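Topology and contacts: notes
Residues per chain, in single letters:
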Amino acid sequence: MLELLHDYWLYFLVGRYPEGPLGGLALTVLLASLALVLSLPFGLLLGLARLSPWRLLRWPVAALIHVVRGIPLLLVIFWAYFFLPSITGHESGQFGTMLAALVIFDGIYLAEIVRAGVQAVPRGQVEAARSLGLNYLDSMRTVVLPQALRHMLPSLVNQFVSTIKETSLGTIIGLAEVSFIASQVNGLVLTKPVQVYFLLGMTYFVLCFSLSRAAFWLERRQARLLKAAA
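Residues numbered from 1 in each chain as written. Predicted model: local features only at pLDDT ≥ 70, side-chain atom pairs only at ≥ 80, totals over all residues. Heavy atoms only, no water.

**Quick word on the UniProt feature "domain: ABC transmembrane type-1" (unreviewed entry) in the protein**
- In the numbering used here, UniProt assigns the feature "domain: ABC transmembrane type-1" (unreviewed entry) to residues 25–215.
- Here residues 25–215 runs as 84% helix and 0% strand, with 22 Å between its end C-alpha atoms. (UniProt positions renumbered as here; feature names shortened; annotations may be inferred. Helix = DSSP H or I, 4+ residues; strand = E, 2+ residues; numbered from the N terminus.)

What follows is the structure in structure tokens.
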């Protein structure tokens, strides 16, 4: 194990960078972070549309959410890999393909997080905002969403954990994230698959466990704040 770390730690961390494109653990974290940042506004819009009083907006969005949640991410990646080039007219590359798939997939799940966060806000807050003359969009923007965001924070951290694990599927399209790098290292050393994949598993565990504990801390802090406010 120590010999593997000594020989391949830099390759495991950044891939072939700076001689080649960025890869390894750095690419995994970058991809997951970009996917969450870009999918957040997408999920916010879908979540608000899901709660919209207008049926022509609410029903198509609800149908889209149910369809995407009912299919595996692997299929979304294949769609992005083969469908995006036919629309844009040029190859998007492994990174762009995986990022697009994650934004779509995570945006759908974030929409449900937004919906749950908004519905957790007491109904009286919405009624009070409407009684002050605010329309639906203004009441959401100034009254409901700031309160809902506090309820959503732990779930957003948990979604980031899921996104980090989802990046491993980039291996199937040749994206040089940390799982792909581990497979290449295993092909180089040949005789140490247990050590290589144990190291990979521990890497995911440290990242995801740290973020899970952060989500747990946020939940407890939120509970203390709500208790103090009451």
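**Considering the packing of helix α4 (residues 73–88) against helix α5 (residues 93–120)**
- Interhelical geometry of α4 versus α5 gives an angle of 130° and a closest axis separation of 9 Å. The orientation of α4 relative to α5 falls into the category oblique. Pair α4 / α5 crosses with right-handed handedness. Packed against α4, whose contacting residues are L73, V76, I77, A80, Y81 and L84, the element α5 presents T97, M98, A100, A101, L102 and F105 at the interface.
- Across the contact of α4 with α5, the residue classes break down as 11 nonpolar, one polar and no charged. (Axes fitted to C-alpha atoms, helices over the stretch in contact; angles between N-to-C directions. Parallel < 35°, antiparallel > 145°, perpendicular 65-115°, else oblique. Left-handed = near helix turned anticlockwise from the far one by under 90°. Contact = heavy atoms within 4.5 Å. Nonpolar A, V, L, I, M, F, W, Y, C, P; charged D, E, K, R; others polar.)

**What about the UniProt feature "transmembrane region" (unreviewed entry) in the protein?**
- Following the UniProt record, the feature "transmembrane region" (unreviewed entry) maps to residues 20–49, 61–83, 95–114, 169–190 and 196–218 here.
- The span residues 61–83 shows a helical share of 87% and a strand share of 0%, and its end C-alpha atoms are spaced 21 Å apart.

**Topic: the side chain of E177**
- Within the element layout of this structure, E177 appears in the loop between α7 (136–166) and α8 (178–189).
- Summary of buried charges: E177 has no salt-bridge partner, and the nearest side chain of opposite charge, R16, is 14 Å away.
- Setting aside its immediate chain neighbours within four residues, E177 contacts G24, L27, T28, T167, S168, G170, T171 and Y204. (Buried < 20%, exposed > 50% of the residue type's maximum accessible area, 1.4 Å probe, protein only. Lys, Arg positive; Asp, Glu negative; His and termini not counted. Salt bridge = Lys/Arg side-chain N within 4 Å of Asp/Glu carboxyl O.)

**Details of the environment of L207**
- Its location among the elements puts L207 in helix α9 (residues 193–229).
- Each C-alpha atom, one on L207 and one on V161, is 7.9 Å from the other, the two residues being 46 residues apart in sequence.
- Leaving out residues up to four positions away in the same chain, L207 has contacts with L25, V29 and I164.

**Considering the packing of aromatic side chains**
- Tallied over the full model, the rule gives three aromatic pairs.
- When the centroid spacing of 5.2 Å and the interplanar angle of 80° are considered together, the rings of Y81 and F82 count as edge-to-face.
- In this structure F82 comes out as exposed when scored by relative accessible area, which is 59%.
- When the ring of F205 is compared with that of F209, the centres are 5.3 Å apart and the planes differ by 15°; the resulting orientation is stacked. (Phe/Tyr/Trp six-rings, centres within 6.5 Å; stacked < 30°, edge-to-face > 60°.)

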